[in-house]
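# Overview (structure and organization)
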Amino acid sequence: MGNGFRDWDKLPPDILALIFTRLSICELLTVVPAVCKSWQRVVLGPYCWQCIDLRHWGVDHFSVWWPKLRIQWRKDKSMRMYESVWSKHIDRMLRIIIPRTCGSLQVLFAPNLCNTDTVMFIANNAQSLKVFGSRISPCLNDAIIIRIAPLLSNITSLDLSYCMNIKAVALREIGKHCKFLTSFYRVMEMEYSLNWEGYNLPPQDNEAMAIASTMLRLKDLHIRYLKVSTKDVEMIVENCKDLEYLDIRGCFYVILDAEFLKRFSKLKIVRSRNFLVS
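What you are looking at is a predicted structure, and each value in this text was computed from that prediction instead of being measured.

If you walk through the whole model with that rule in mind, you get 7 salt bridges. Its salt-bridge partner being arginine 55, residue aspartate 53 comes within 2.7 Å of it at the nearest N-O pair. The partly exposed category is assigned to aspartate 53, whose relative accessible area is 26%. Where salt bridges share partners, they join Arg224, Asp247 and Arg249 into one cluster.

Okay, helix α10 (residues 168–177) next. Those residues of α10 that fall on the buried side of the exposure criterion are Ala168, Ala170, Leu171, Glu173, Ile174 and Gly175. In this structure, the buried side of α10 is in contact with α9 (142–148), β4 (157–159), β5 (183–185) and α12 (205–214).

Here we take up the sheet that holds strand β2 (residues 107–109). Taking strand neighbours across the sheet as the criterion, the 8 strands line up as β1-β2-β3-β4-β5-β6-β7-β8 in an open arrangement whose pairing is parallel. Of all strands in the sheet, those bounded by a partner on one side alone are β1 (51–53) and β8 (268–271). Between one strand and the next, the sheet's axes are offset by a mean angle of 5 degrees, whatever the strand orientation. Sheet topology places strand β6 (residues 220–222) next to strand β7 (residues 245–248); 3 bridges connect them, and they run parallel. Paired with histidine 222 across the two strands is aspartate 247, which belongs to β7.

The biggest cluster of nonpolar side chains holds 75 residues, and the ones touching the most others in it are Phe184 and Leu246. With near-sequence residues (within four places) excluded, leucine 246 lies in contact with Leu221, Ile223, Val233, Val237, Leu267, Lys268, Ile269 and Val270.

Before going further, it helps to examine unusual backbone geometry. Within the chain, cysteine 102 stands out as a residue other than glycine whose phi angle is a positive 55 degrees. Note that cysteine 102 resides in the loop between α7 (86–97) and β2. Non-glycine residue isoleucine 136 carries a positive phi angle of around 55 degrees. Tracing the chain through its elements places isoleucine 136 in the loop between β3 (131–133) and α9.

Attention now moves to the side chain of aspartate 142. Residue position: aspartate 142 is located in helix α9. Buried and unpaired, aspartate 142 has no salt bridge, with lysine 167 as the nearest side chain of opposite charge at 6.4 Å. At 2.9 Å, the side chain of aspartate 142 forms a polar contact with the backbone nitrogen of lysine 167.

Right, let's talk about the pairing of β8 for a bit. Pairing analysis gives 4 bridges linking β7 to β8, with the strands arranged parallel. Residue aspartate 247 lies in a different strand from β8, and its bridge partner there is valine 270. In this fold, the crossover linking β7 to β8 by way of helix α14 (residues 258–263) has right-handed handedness.

Definitions and cut-offs
Every chain's residues receive numbers from 1 upward, in the order its sequence appears when written. Local features in this predicted model are restricted to residues of pLDDT 70 or higher, and side-chain atom pairs are both shown and tallied only at a pLDDT of 80 or more, whereas totals for entire chains, interfaces and linings draw on every residue. Side-chain metrics rest on all non-hydrogen atoms present in the structure, leaving aside hydrogens and water. Note on definitions: salt bridges are taken to be side-chain nitrogens of Lys or Arg within 4 Å of carboxyl oxygens of Asp or Glu. Residue burial is assigned from relative accessible area. The probe radius is 1.4 Å, only protein chains are included, and a residue is buried under 20% of its type maximum, exposed over 50%, and partly exposed in between. Put simply, DSSP marks the helices as runs of H or I at least four residues long and the strands as runs of E at least two long, and each gets a number from the N terminus on. Working rule for contacts: check all heavy atoms of both residues, and any pair within 4.5 Å makes them a contact. Strand pairing is defined by DSSP finding a minimum of two bridges between the two strands. An axis is simply a line fitted to the C-alpha atoms; with a helix, the fit covers only the stretch in contact. Between two such axes, the angle follows the N-to-C directions and lies from 0 to 180 degrees. In this description, a nonpolar core means a group of buried Ala, Val, Leu, Ile, Met, Phe, Trp, Tyr and Cys residues linked to one another through side-chain atoms lying within 4.5 Å. Asp and Glu are treated as the negative residues and Lys and Arg as the positive ones, with His and the ends of the chain left uncounted. Any pair of N or O atoms that falls within 3.5 Å is considered a polar contact. Within protein, one atom must be able to donate a hydrogen and the other to accept it, and sequence-neighbouring residues count only if both atoms are side-chain atoms. Look down the strands so they point away from you; if the path from the first strand over the helix to the second goes clockwise, the crossover is right-handed.

The structure is reproduced here in structure tokens:
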């Protein structure tokens, strides 16, 4: 061009990728490739796919469009609605996008996973992954975590909130293999903590012990509504020397006295009022 400006289609791929990442995944997959061949080459390569966030494809996204499904979900606790609607969409998206990363994927948020094959596909093709979040995923259990933990050894931040099939065995495997883990989210629903609506979840002392004994480099820990005791939380704080932030809101039976808080004054602890404890 004579005016000193470059054509959009002649911009370097990494610059175009920075621009394209402001678009939605649907636009990246359908609109951008149709513009020109150079843009198509960019979205077919790894430049746009260092971070994949499918959280808006989860429950909240579909409940906006299908109120009837939202009502049915509240009545149906069997996870059939996941398998029939959003899980299939997420599975399809992951199998399209992850091969494009060429093993360079750094961040992945993929909630509502119901297929163990999909989880293994992620682990086998994203071994450079550093941040992984998969909330409300019924297929994540001790057996599958034992298989994928050695493949995700570079993880620094992990979110397994609301995954009810994961127990202490899985957390130990994560701590054993993910030595760089500094941020961990294990948030539960309030009704599980308080045994509301017929739920009777056993105490999760073993999970707290697994965290305290294997995840020693943690700096950021979120265990809202986990059924743990004061002793469990004290053990975590004592063992995780680098801990800077601890979220124990909803852990209603945890009471930390003033002396303990004074010993760890540099640690920011976010907690609820213990109004349920006499």
